[in-house]
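# Structure assessment
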Amino acid sequence: MAGSFFKGRFLSLFDYKTEKYIVANNKTVGVLYRLIQLTIIGYIIGWVFVIKKGYQETDEAIQSSVITKLKGVSVTNNTESGLLVWGPEDYVIPPQGEAVLFVVTNFLETPKQKMGHCAESLKVLDGHCQDDGDCEEGKMVEAGHGMKSGRCLRTDENSTGTCEIYGWCPIEKQFKPQRALLTHAENFTIYIKNFIQFSKFNFSKSNVLETHDDSYLKKCRFDEELHPYCPIFRLGDITRRAGHNFQDMATFGGSIGIMIEWDCDLDKGYTHCHPQYHFYRLDISILNTTIAKGFNFRHSRYFQNAADESYRSLYKVYGVRFTVMVHGKAGKFSIIPTAINVASGLALMGAGAFFCDMVLLYILKKGDSYRERKFEATKIANSTSDDNCVKDRPGATEQENLTF
């Protein structure tokens, strides 16, 4: 018995299963089936091929190079520095023309600092003291300005004192700026030169207009409609496009992101690959409630007097940090993704028949009648008659009308 069972199972592998078509005369299910087919066809044509361009091979590994250069002059006049003229070599940090750069718009100066002894700032918690025992000699002040000398400096017995330190004295001035000193900074211009390449398609391009007019870059300013290939931007216009006023940022600084996006359809040709610019402010949250808003850092300039004594001027500079980011992709027709998406679409068409079968089998009241006709096992003996040959021929189908 067991042998005949396994033999039957083995021989069943060679049975041929032919399709059997049942025409269900149910208009509701028929309309539902056509709607599902139309939806799938609309999805394949509209979304996959038209919007997502599923007939293209894409390259998102964009190779990019960014070069920046700033131009503009401003004047400052304060008690510490006097009258100064600021050029790009003074207010651009770093000056090499990188994709990330900082433009000084405001500063606080502590001039003529020398190495010596002075009191630590009251704003430095580790520098507070009540007596000399709180100022261990040789210990560095945490988040402070120098090394403790062992003395506690107090104005009276009831006040909190600060440790005497050895460092650059006098210590940095502690006050908030009231207004931006480089008032003309919003009129500075930044030249952003971007080269991109999609190696898969051996395609390269620049965001600079290809022209033989040498004076073009001297007189143009970027405009989305009139001059989309002019790479020169006014700083005030950049912050405006990011949704902020430059003068509001100039006092305490900020951070602006400049995104250059390349979305290239190479089937349309070289001239249809254009850079798109987007501008964002990066140093504030959506709620605009952060206590860390703005951008600043410190640097110093060193000098030496006639007596060979070294001294320095300490600058706490505020300004706008610009970050240039490049993203992009390119697409071009290829038979492989086209064939894959067409085959996927045809496979989805079968989902309509499957869904309608579920409706007929499990939702309609006469589902049992449909199930009896849909699932049928038939054993057909070999015969030489014409009728039997038709039934046994591979691919032969049987059609049956069923009314619900």
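Our structure's up above, just so we're on the same page.
Before going into details, it helps to say that this report is about the structure given with it. (Residues numbered from 1 in each chain as written. Predicted model: local features only at pLDDT ≥ 70, side-chain atom pairs only at ≥ 80, totals over all residues. Heavy atoms only, no water.)

## Notes on the packing of helix α2 (residues 27-51) against helix α7 (residues 335-362)
In helix packing, the relevant descriptors are the interaxial angle and the interaxial distance, both defined with respect to the helix axes. Put simply, the test is: To get an axis, a line is fitted to the C-alpha atoms, and for a helix only the part in contact is used. The angle between two axes follows their N-to-C directions and goes from 0 to 180 degrees. Every helix listed is a DSSP run of H or I at least four residues long, and every strand listed is a run of E at least two residues long, numbered separately from the N terminus. Convention used here: angles under 35 degrees read as roughly parallel, angles over 145 as roughly antiparallel, angles from 65 to 115 as roughly perpendicular, and any remaining angle as oblique. Two helices cross in a left-handed way if the nearer one is turned anticlockwise from the farther one by less than a right angle. They cross in a right-handed way if the turn is clockwise. Any pair of residues with heavy atoms lying within 4.5 Å of one another is described as a contacting pair. In this count, Pro and Cys sit with the nonpolar residues alongside Ala, Val, Leu, Ile, Met, Phe, Trp and Tyr, while Asp, Glu, Lys and Arg are called charged and the others, Gly among them, polar.
Orientation of α2 relative to α7, taken along the N-to-C sense of each, is 160°, at an axis distance of 9 Å. The angle between the axes of α2 and α7 places the two elements in the roughly antiparallel class. When the axes of α2 and α7 are compared, the crossing they make is right-handed. On α7, the residues that touch V29, L32, Y33, I36, Q37, I40, I41, Y43, I44, V48 and F49 of α2 are T338, N341, V342, G345, L348, M349, G352, A353, F355, C356, V359 and L360. Partitioning the contact of α2 with α7 into residue classes produces 18 nonpolar, 5 polar and no charged.

## Considerations on the nonpolar core
For clarity, the threshold we go by: Think of a nonpolar core as a cluster: buried Ala, Val, Leu, Ile, Met, Phe, Trp, Tyr and Cys residues, connected wherever their side-chain atoms sit within 4.5 Å. Three labels apply to residues, based on accessible area from a 1.4 Å probe with only protein chains included: buried if under 20% of the type maximum, exposed if over 50%, partly exposed otherwise in between.
If you look at the biggest cluster of nonpolar residues, it comprises 46 residues, and the most contacted ones within it are Y91, L235, I238 and F322. Every residue in contact with F322, bar those within four places of it in the chain, is listed here: A99, V100, L101, V103, L235, I238, I256 and I258.

## Some remarks on α7
Quick note on the threshold: For a helix, the expected span equals 1.5 Å multiplied by the number of residues minus one.
In this model α7 runs 41 Å from its N-terminal to its C-terminal C-alpha over 28 residues, within 8% of the 40 Å that 1.5 Å per residue would give. Within α7, the full set of buried residues consists of P337, T338, G345, G352, C356, D357, V359, L360 and L361.

## A short note on the state of the cysteines
Just so we agree on the cut-off: Disulfides are defined as cysteine sulfur pairs within 2.5 Å.
Counted by the stated rule, this structure contains 5 disulfides. Two residues share a disulfide in this structure: C118 and C169, whose sulfurs sit 2.0 Å from each other. With the S-S bond torsion at -75°, the cross-link from C118 to C169 turns out left-handed. Taken as a pair, C118 in strand β7 (residues 100-119) and C169 in strand β10 (residues 161-169) lie far apart in primary sequence, 51 residues in all. The class of C169 is buried, set by a relative accessible area of 11%. There is a disulfide in this structure between C129 and C152, and the S-S distance comes to 2.0 Å. The disulfide joining C129 to C152 has a torsion of about 90° about its S-S bond and is therefore right-handed. One end of the pair, C129, is in strand β8 (residues 128-129); the other, C152, is in strand β9 (residues 146-153), with 23 residues separating them in the sequence. Each bonded cysteine of the protein gets a number by its place in the sequence, and the pairs then read 1-6, 2-4, 3-5, 7-8, 9-10.

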